[in-house]
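# Geometric and topological summary
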Amino acid sequence: MTSTTLDATAAPTVTDRPRRGWAVAGVLAGLTGIALFLFSPQLGDVDTSLLADNARYVAAMDGREAYVWVFQVLTGLGAGCLAVFAAGLRRRLAAREPAGGLLPDVAAAGLLLTAALLLVGGGVSTELYWDLLHLSETDADTIAALAAGYNTFPWVWAGAGLSAGSVAVAGLRRRSVSRWLAVFSLLMTLLVVVTQAVPLQYLALAPAALWATVAGLTFALERRGLGN
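What counts, and where the lines are drawn
Residues numbered from 1 in each chain as written. Predicted model: local features only at pLDDT ≥ 70, side-chain atom pairs only at ≥ 80, totals over all residues. Heavy atoms only, no water. Helix = DSSP H or I, 4+ residues; strand = E, 2+ residues; numbered from the N terminus. Buried < 20%, exposed > 50% of the residue type's maximum accessible area, 1.4 Å probe, protein only. Polar contact = N/O pair within 3.5 Å; in protein donor to acceptor, adjacent residues only side chain to side chain. Contact = heavy atoms within 4.5 Å. Expected span 1.5 Å × (residues − 1). Phe/Tyr/Trp six-rings, centres within 6.5 Å; stacked < 30°, edge-to-face > 60°. Core = buried A, V, L, I, M, F, W, Y, C linked by side-chain atoms within 4.5 Å. Axes fitted to C-alpha atoms, helices over the stretch in contact; angles between N-to-C directions. Left-handed = near helix turned anticlockwise from the far one by under 90°. Nonpolar A, V, L, I, M, F, W, Y, C, P; charged D, E, K, R; others polar.

Our focus in this paragraph is unusual backbone geometry. With a phi close to 60°, arginine 175 is a non-glycine residue in the positive phi region. Within the secondary structure layout, arginine 175 lies in the loop between helix 6 (158–174) and helix 7 (179–197). You can call arginine 175 exposed: its relative accessible area is 54%.

If you trace the backbone, glutamate 97 turns up in the loop between helix 3 (65–94) and helix 4 (103–133). At 2.5 Å, the side chain of glutamate 97 forms a polar contact with the side chain of serine 176. If we skip the residues at most four places from it in the chain, glutamate 97 touches Leu103, Pro104, Ala170, Arg174 and Ser176.

Moving on: helix 1 (residues 21–39). An ideal rise of 1.5 Å per residue puts 27 Å on 19 residues; helix 1 measures up with 26 Å between its terminal C-alpha atoms. Listed in full, the buried residues belonging to helix 1 are Trp22, Ala23, Ala25, Gly26, Val27, Ala29, Gly30, Thr32, Gly33 and Leu36. Buried-residue contacts for helix 1 involve helix 3, helix 4 and helix 8 (205–221).

The subject of this paragraph is the packing of aromatic side chains. All chains considered together, the criterion is met by ten aromatic pairs. Considering the side-chain rings of phenylalanine 85 and tryptophan 211, the 6.1 Å spacing of their centres and the 45° angle between planes classify their relative orientation as tilted. With phenylalanine 85 in helix 3 and tryptophan 211 in helix 8, this pair connects stretches of sequence that are 126 residues apart. For phenylalanine 85, a relative accessible area of 0% corresponds to the buried category. On the numbers, 6.2 Å between centres and 45° between planes, the contact of tryptophan 180 with phenylalanine 184 is tilted.

It is worth spelling out the nonpolar core at this point. Tyr57, Met61, Leu89, Leu111, Leu128, Trp211 and Phe219 are the most contacted members of the largest nonpolar core, which has 59 residues in total. The set of elements that each furnish at least two residues to this core consists of helix 1, helix 2 (54–60), helix 3, helix 4, helix 5 (140–150), helix 6, helix 7 and helix 8. Setting aside chain neighbours within four positions, we find leucine 111 in contact with Leu82, Phe85, Ala86, Leu89, Gly159, Ala160, Ser163 and Trp211.

This part is about helix 8. In an α-helix there are 3.6 residues to a turn, and that puts residues three or four apart on one side. The end-to-end C-alpha separation of helix 8 is 24 Å, in line with the 24 Å expected for 17 residues at 1.5 Å each. When you tally the buried positions in helix 8, you get 13 out of 17 residues, the bulk of the element.

Looking now at the packing of helix 4 against helix 5. As a packed pair, helix 4 and helix 5 sit with axes 9 Å apart at the nearest point and diverge in direction by 145°. In the crossing of helix 4 with helix 5, the sense of the turn from one axis to the other is left-handed. Of the residues in helix 5, those in contact with Val124, Ser125, Glu127, Leu128, Asp131 and Leu132 of helix 4 are Thr142, Ile143, Leu146, Ala147, Gly149 and Tyr150. Tallied by class, residues from the contact of helix 4 with helix 5 come to seven nonpolar, three polar and two charged.

All we've got here are geometric facts, nothing functional implied.
Dropping the structure here:
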């Protein structure tokens, strides 16, 4: 009589299907950044002559609390999507790069830095929202200072430049990503560097958000990818 011995330690067979949710998160993060770039200036869209008088400047923002609320939601959404994209991008690069290489960790760290700054900007928005609701009870100088943070922190996506740069190096050096994505990432990295070399750091949002959108879409649509 023949007996069959089952190996209880054997791993179950799993269909190797590409997992692309992290890449879709990158697309959403990028689109969120683009929305911030287009939407957030609406709060401070006032006569520039008012900037010298905080009381009048803040009074001109009366009734625009909804902009701040939506802005807060967008920053939270963007931060969460960037964190997921960071984890997926690290895994994607680690599957193609030599073991122990720094590129996957640097790529993830850059996106996490950006996500953290988005959360800081969202926190500023929360306080600004309630102060705008109670203008008569809040010092105008305080609101003006919060508005300055609102117009700066969530825009500084410089950390994403590290991520784009890592992808560029990975693609150009070892073909770990497609050549065209590597070249595009290099271009976006250079644009981010330019924004950090002059006192216009907040403009990093534009190239960085565009990079996240394109990179996420590329990874989501690629036909095959080890470690996806």
